[in-house]
Amino acid sequence: MNKGHIGVVAPTWRDYLEMCKPRVVMLMLITAAVGIFLAIPASAGLPSLDLLIATLIGIALVAGSAAVINHVADAHIDARMSRTERRPMVQGHIPAPRAMLFSAILALSGMSLLTFAVNPATAWLNLVSWAGYGIIYTLYLKHLTPQNIVIGGLFGAAPPLFGWTAVTGTIDPEPLILVGIIFVWTPPHFWALALDRLDEYGDAGVPMLPVTHGDPHTRVQIFAYTVALAAVSLLPFAIGMSGVLYLLAALALNGVFIYWAVALLRRKPGAEIRTFRYSIVYLGALFLALLVDHYLAPML
């Protein structure tokens, strides 16, 4: 395993793209887009294409900026883990000053786009999230407490609120419920990965829950959060925000998630990484179900 930086080579556009964590950002954009569509009554039609594009690009730029800070700050940790040892900062493809300049350009571009093409409220919310993930979580929480994912997860849970606020300019209960779903989803998602990479997190000195409190405790916590997630995910139906189509999808998706949480408790081989992968499918499918229900339920 690589334990440090190698010689500097010329960076490519792929290096810069990888530093923005495009897969993570894409999941954020899906939930933000759902927030945009849900903020408009189905009878009122679709959101403005200009607003949709400006909002999603702005969110992507600000989120990418925070991800770059994470790459820079965690290069010494990434070098000690097989999952991250090929990242551009570890490989010496991009010097830290250039990476930070890139981060600043992304943040300023995203904030400007959101401020002038969307609305100031959405821009300010993105700035808070940027500071929360890029500064508070990356530089402090991640290394301070095993509850790093729980507390820091709030910053990554905000995209549905961004989307909603882009349309309405206000913070309402409906998007806060969506934020709550992602907030409760985050711990079982990351802790399942931490179980799969337990030795690496321990070697890197990151106080993830299975490192500090042990494997059995983490499995119980994943199960508890998964049950809590199943309850929270039903709130859109409970408050009339969604209909039966969403309810049926949520029940099915939660059933599978609980199955994998039980598989973790029973130590089924390979359950750790399969739970982690399913959690990604779960979140995307749950928000897609919200969107489908929003437009199809009035027709039924």
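No experiment lies behind these values; they were computed from the predicted model shown. (Residues numbered from 1 in each chain as written. Predicted model: local features only at pLDDT ≥ 70, side-chain atom pairs only at ≥ 80, totals over all residues. Heavy atoms only, no water.)

Visitor: Looking at this model, I keep getting lost on the overall build of the chain. Mind explaining?
Guide: Check the secondary structure of the chain and you find 16 helices and zero strands. With respect to the three principal axes, the spread of C-alpha positions in the chain is 60 × 50 × 30 Å. Each of the 300 residues in the chain was classed as buried or not, and the buried ones make up 52%. Pairs at least 24 apart in sequence give 75% of the contacts found in the chain among residues at least 6 apart. Accessible area of the chain: about 13200 Å², with a carbon and sulfur share of 71%. (Helix = DSSP H or I, 4+ residues; strand = E, 2+ residues; numbered from the N terminus. Buried < 20%, exposed > 50% of the residue type's maximum accessible area, 1.4 Å probe, protein only. Contact = heavy atoms within 4.5 Å. Areas by Shrake-Rupley, 256 points an atom, 1.4 Å probe, with all protein chains shown as cover.)

Visitor: I would appreciate a short explanation of the nonpolar core in the present structure.
Guide: A general trend in soluble globular proteins is that nonpolar side chains are found buried together. One finds I181, W185, Y282 and F287 to be the most contacted residues of the largest nonpolar core, which totals 65 residues. Among residues more than four places away in sequence, those in contact with I181 are L229, V232, S233, P236, Y246, L286 and F287. With nine residues, the next largest nonpolar core counts C20, A75, M89 and L106 among its residues. (Core = buried A, V, L, I, M, F, W, Y, C linked by side-chain atoms within 4.5 Å.)

Visitor: Looking at this structure, how should I read the packing of aromatic side chains?
Guide: A ring pair, where both rings are aromatic, is described by two values, the distance of the centres and the angle of the planes. A complete count under the given rule lists eight aromatic pairs for this structure. Between the aromatic rings of F257 and Y282, the centroid separation amounts to 5.1 Å while the plane-to-plane angle is 65°, which identifies the pairing as edge-to-face. A residue pair is termed long-range when its members are at least 10 positions apart, and F257 in helix 15 (residues 244–265) and Y282 in helix 16 (residues 271–296) qualify at 25 residues. Summarising the burial analysis for this pair, F257 and Y282 share the class buried. Each ring, one from Y259 and one from W260, has its centre 5.1 Å from the other, and the planes form 75°; the classification is edge-to-face. Looking at Y259, the relative accessible area reads 44%, which means it is partly exposed. (Phe/Tyr/Trp six-rings, centres within 6.5 Å; stacked < 30°, edge-to-face > 60°.)

Visitor: Help me understand the pattern of salt bridges, please; the structure alone is not making it clear to me.
Guide: Between side chains of opposite charge, pairing is possible as soon as their charged atoms come close. Per the stated rule, a full pass over the model turns up eight salt bridges. Notably, a salt bridge pairs K142 with D74, separated by 2.5 Å at the nearest N-O pair. One end of the pair, K142, is in helix 7 (residues 120–144); the other, D74, is in the loop between helix 3 (49–73) and helix 4 (75–78), and 68 residues separate them in sequence. D215 is paired through a salt bridge with R219; the nearest N and O atoms lie 2.4 Å apart. Residue D215 and its partner R219 are located together in helix 13 (residues 215–232), separated by four residues, close to a single helical turn. (Salt bridge = Lys/Arg side-chain N within 4 Å of Asp/Glu carboxyl O.)

Visitor: Which parts of the structure should I look at to understand helix 15?
Guide: The α-helix winds at 3.6 residues per turn, so residues separated by three or four positions along the chain end up facing the same way. Its 22 residues give helix 15 an end-to-end C-alpha distance of 31 Å, which sits within 8% of 32 Å, the value for a rise of 1.5 Å per residue. Elements that come into contact with the buried residues of helix 15 comprise helix 10 (173–196), helix 13, helix 14 (235–238) and helix 16. A positive phi of about 60° marks R267, the residue just after helix 15. (Expected span 1.5 Å × (residues − 1).)

Visitor: What is the right way to look at unusual backbone geometry in this model?
Guide: Glycine aside, residues mostly have negative phi angles, and peptide bonds mostly take the trans form. For K21, which is not glycine, the phi torsion reads 50° and is therefore positive. Inspection of the secondary structure puts K21 in the loop between helix 1 (13–19) and helix 2 (22–38). Take K21: its relative accessible area is 16%, and that puts it in the buried class. One non-glycine residue with positive phi stands out, namely R267, at about 60°. Positionally, R267 belongs in the loop between helix 15 and helix 16. Of the residues examined, R267 reaches a relative accessible area of 44% and is grouped as partly exposed.

Visitor: Help me understand the packing of helix 9 (residues 159–168) against helix 10 in this model?
Guide: The packing of two helices is summarised by the inter-axis angle and the distance between the axes. Packing of helix 9 against helix 10 leaves a shortest axis separation of 8 Å and a crossing angle of 160°. As judged from the angle between their axes, helix 9 and helix 10 are roughly antiparallel. Where helix 9 crosses over helix 10, the handedness of that crossing is right-handed. On the side of helix 9, the interface is formed by P160, L161 and W164, while helix 10 contributes E174, P175, L176, L178, V179 and I182. Within the contact of helix 9 with helix 10, the residues separate by chemical class into eight nonpolar, no polar and one charged. (Axes fitted to C-alpha atoms, helices over the stretch in contact; angles between N-to-C directions. Parallel < 35°, antiparallel > 145°, perpendicular 65-115°, else oblique. Left-handed = near helix turned anticlockwise from the far one by under 90°. Nonpolar A, V, L, I, M, F, W, Y, C, P; charged D, E, K, R; others polar.)

Visitor: How should the confidence of the model for the chain be read in this particular structure?
Guide: The predicted coordinates of low-pLDDT regions are not to be read in fine detail. Taken as a whole, the chain shows an average pLDDT of 93; of its residues, 97% reach a score of 70 or greater. Scored below 50 in pLDDT, residues 1–7 makes 24 contacts in the model with residues more than four places away or belonging to other chains. (pLDDT = per-residue confidence, 0-100.)

Visitor: Explain the layout of surface pockets to me, please; I cannot follow it from the model alone.
Guide: Think of a ball as big as a water molecule: rolled over the atoms, this probe shows where empty space is left. Looking at the largest pocket, its volume works out to about 1400 Å³. Taken together, the elements giving at least two residues each to the lining of the largest pocket come down to helix 2, helix 3, helix 7, helix 8 (148–156), helix 10 and helix 16. When the residues that make up the lining of the largest pocket are grouped by side-chain class, the tally is 28 nonpolar, 11 polar and nine charged. (1 Å grid on protein atoms, 1.4 Å probe; cavity = no way out; pocket = protein on both sides within 12 Å on 5 of 7 lines; lining within 4 Å. Points joined across faces, edges and corners; volume = space filled by probe spheres on them.)

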